[in-house]
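Inside the fold
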Amino acid sequence: MVASAVLGFPRIGANREVKKAVESYWAGKITADQLTQVAADVKKSNWTSLKVKGVEYVPSGEFSLYDHVLDHSAAFNVIPKRYVGQGLTPLDVYFAMGRGRQADGVDVPASEMKKWFDSNYHFVVPEFSEETDFKLNFNKAIEEYKEAQALGVETRPVVLGPVSFLALGKASKDAGSGFQPLSLLPKLLPVYRQLLADLKSAGAEWVQLDEPVLVLDRAAGYEKEYSSAYTELSPVAPKILLTTYFGRLDSNLNFVAKLPIAGLHIDLDRAPGQLDEVISAVRPTSIVLSLGLVSGRNIWKTDFRAAIRLGQKAIDALGQDRVIVATSSSLLHIPVTLASEKKLTAEQKDWLSFALEKAEEVAVLAKVLSGSQDANISAAVKANEESIAKRREFERTSDDAVRKRVAAITPDMLERKSPFAVRKEVQKKHIELPKFPTTTIGSFPQTKEIRNARAKFTKGEITEAQYEEFLKKEIESVVRFQETVGLDLLVHGEPERNDMVQYFGEQLNGFVFTQNGWVQSYGSRYVRPPIVVSDVSRPGPITVKWSSYAQSVTKHPMKGMLTGPVTILNWSFPRADVSRELQSKQLALALRDEVVDLEKAGIHAVQVDEPAIREGLPLRRADWDGYLKWAVDSFKLATAGVSDALQTHSHFCYSDFDDIFPSIQRLDADVISIEASKSDMKLLTTFRHYGYSNNIGPGVYDIHSPRVPGDQEIRDRIKSMLEILPDSLLFVNPDCGLKTRGWKETEASLKNVVSAARWARQQYA
């Protein structure tokens, strides 16, 4: 019989219960025990729901209050020294590592975050040194295994694999020169042995060891580490399912197939072409093959016919007992269930499948491939065929005007009228900013009052005129605040926006939206990605009214704020029937019209944010060039239709730019702002290596933490920047937008930013 499996499940709760509980705990409104109870309720719901759907291998151990990698660090005692000895409970140490802490005499910054491979999920980067003392502070895997068992649900524990854990980490500041985290593998493995042996003793038949770095090029150099690790762990562990996702194994398959493992999971959503070579590699072995046939990354229904073809190919080669049907990855990256969606049309809902629905797809596919004659299974297959046929028919329709406009794009449409050196002189006269100009990344705190007003307008409790009057007051208040604090290049604060991607999707043709389609981005930050269903176009101006109003109430220069085409695409659920390049260029043309209209309306600068341009980079270097060509061209297409006087900005966060820096240079933005403070300013070394001639604003403080940076702290960061960057190019700004912050900490932080910039003007006059 073919078994069914889900690799992981959303841990947010069907109604965002975890977010609400975590934030209530941070605010001191509930106790740790109450928070633990909410977590237990969500886990129970997840496990029992998957069991009811007919999933055989239900995951446990992958639930998290903040981040699963952070959980692993806390469990294995990978806790940086700055968080130790502060008098905090283990739970508060955990949260301090994730978001920093500035209370009760404790002042520690958050740990660095990075994007989880090419997703919009962020993980907290582990920090290692020669002094790292691995030990099990708690065994989360066995705790949750027993917790589920007590509820009558047998689960397959999920644990981050030892090589990926080390490879995804970084050397701490106190590590020796040249230290490599992977050198700690011999010290780490005894702790894994203990964890896995305890799981086996508790009765776990299988354990899912996630090794996602195996889909990266650099894993080709880890053969020795994988061999030693799994040779040591296999004898004491339950049956090991080595799990890969988001990409293809490629040449790494050569050594993976030789490891002493019981099962191997591959992603056939992202890399269906690898199936034949994987089958050939594992056929002579006893390895069970887990097939990622149901996507863990998109929200479209699985095409059963295509999935069955792949599954049957594996069965023909290996037999039913050596095949598992599974999700391609954890379902962490998609919403919980379609059952909560009441406003999507019946046609639209028929296209889609969220986490619970995908779990059911996995179970149905496993039964079909096992030869089930059950009438309900046959009916499910027939219904799927009808749904896919209807979607394919819809996909054949297109907007001829949009398609023709994309086809008419010419190379000169991607270039500004003059090179940066010329534009810079024109902009100096047009904008008249001081040396070390201060600005923000765009958004200001989204207060309870703003959210309530938006909700009332959405429900029809206030009129459009009343809502717009409220927004105008909020905008003027933010403008006055910036004037009072002393910022130089102002923004309107974005009170009208629910989300930096969703807001634009709502103003464009080609998108649909969910009511409750929440997905975790990091910690308690959840987003509702729009869904691209057809060709994209702009029916009219999107932001011009609000930026123009903001400019009308101040003499300071105003910066318009847009989300870039690549980021809108990457942070939405894209179409699967046409290329991402086509979708991105459609978005770029819509935004090009918006940028032109902003300039016509008297706006001095426009920021087109592309924080997702790096995360969209294919995981294999061989695939980079094509992506970078159309991604950079999309940004340039969106921003090149204006005069030399308009100052174009772009923003990037949580990205390693050293390997794609020539592409960042090719964007030719007049100003780029980048996340820098959370990553210890290490990005600046990239600029030292390559050189950079345009304006740049490395973030001087981390906005993802409530902690307020001191004036001296910001001065020190500016001094570090000026060791690498010319003072004539430096902007001073936070790391990212201020939407999630409170007004008190925002005011204190920005006052220190302005104070430090004024100090720099005197110091480097």
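Each remark here, short or long, concerns the structure printed above.
We now examine the pattern of salt bridges. Evaluated as defined, the whole model comprises 55 salt bridges. For the salt bridge of Arg-403 with Asp-535, the shortest nitrogen-to-oxygen distance reads 3.0 Å. Of this pair, Arg-403 sits in helix α15 (residues 400–407) while Asp-535 is found in strand β18 (residues 531–537), placing the two residues 132 residues apart along the sequence. In the salt-bridge network here, residues are joined through shared partners; they are Lys-43, Asp-71, Lys-140, Glu-144 and Glu-147.

In this section: the sheet that holds strand β11 (residues 239–243). One open sheet accounts for eight strands, arranged β1-β14-β13-β12-β11-β10-β8-β2; its pairing is parallel. Each edge of the open sheet carries a strand with a single partner, namely β1 (3–5) and β2 (58–60). Pairwise comparison of adjacent strand axes, ignoring direction, gives a mean angle of 30° for this sheet. Where β1 meets strand β14 (residues 323–327), three bridges bridge the pair, whose relative direction is parallel. Bridging across to β14, Ala-3 finds its partner in Ile-324. Against the sheet, helix α2 (residues 32–52) engages β2 and β8 (155–160), with an angle of about 165° to β2. Contacting β8 and β10 (206–210), helix α7 (residues 185–201) crosses the sheet at an angle of about 175° to β8.

Each pair of aromatic rings is reported with the distance of its centres and the angle of its planes. Counted under the stated rule, the structure contains 27 aromatic pairs. A centroid spacing of 4.8 Å and a plane angle of 70° characterise the contact between Tyr-245 and Phe-246, whose relative ring orientation is edge-to-face. Each member of the pair, Tyr-245 together with Phe-246, is buried. Clustering of aromatic rings is evident, with ring pairs tying together Tyr-25, Trp-26, Tyr-66, Tyr-94 and Phe-95. The residue whose ring lies beneath Lys-19 is Tyr-526, and the NZ or CZ to ring-centre distance is 5.6 Å. Looking at Arg-99, its charged tip hangs above the ring of Trp-26, at a distance of 3.7 Å from the centre.

The next point concerns the packing of helix α13 (residues 355–369) against helix α14 (residues 375–395). α14 packs onto α13 with a crossing angle of 115° between their chain directions and a minimal axis gap of 10 Å. Viewed along their axes, α13 and α14 adopt a mutual orientation that is roughly perpendicular. In the packing of α13 onto α14, the handedness of the crossing is left-handed. Only Ile-377, Ala-380 and Val-381 of α14 make contact with α13, whose side of the interface consists of Val-364, Lys-367 and Val-368.

What counts and what doesn't
Residues numbered from 1 in each chain as written. Predicted model: local features only at pLDDT ≥ 70, side-chain atom pairs only at ≥ 80, totals over all residues. Heavy atoms only, no water. Salt bridge = Lys/Arg side-chain N within 4 Å of Asp/Glu carboxyl O. Helix = DSSP H or I, 4+ residues; strand = E, 2+ residues; numbered from the N terminus. Pairing = 2+ DSSP bridges. Axes fitted to C-alpha atoms, helices over the stretch in contact; angles between N-to-C directions. Contact = heavy atoms within 4.5 Å. Phe/Tyr/Trp six-rings, centres within 6.5 Å; stacked < 30°, edge-to-face > 60°. Buried < 20%, exposed > 50% of the residue type's maximum accessible area, 1.4 Å probe, protein only. Lys NZ or Arg CZ within 6 Å of the ring centre and 35° of its normal. Parallel < 35°, antiparallel > 145°, perpendicular 65-115°, else oblique. Left-handed = near helix turned anticlockwise from the far one by under 90°.

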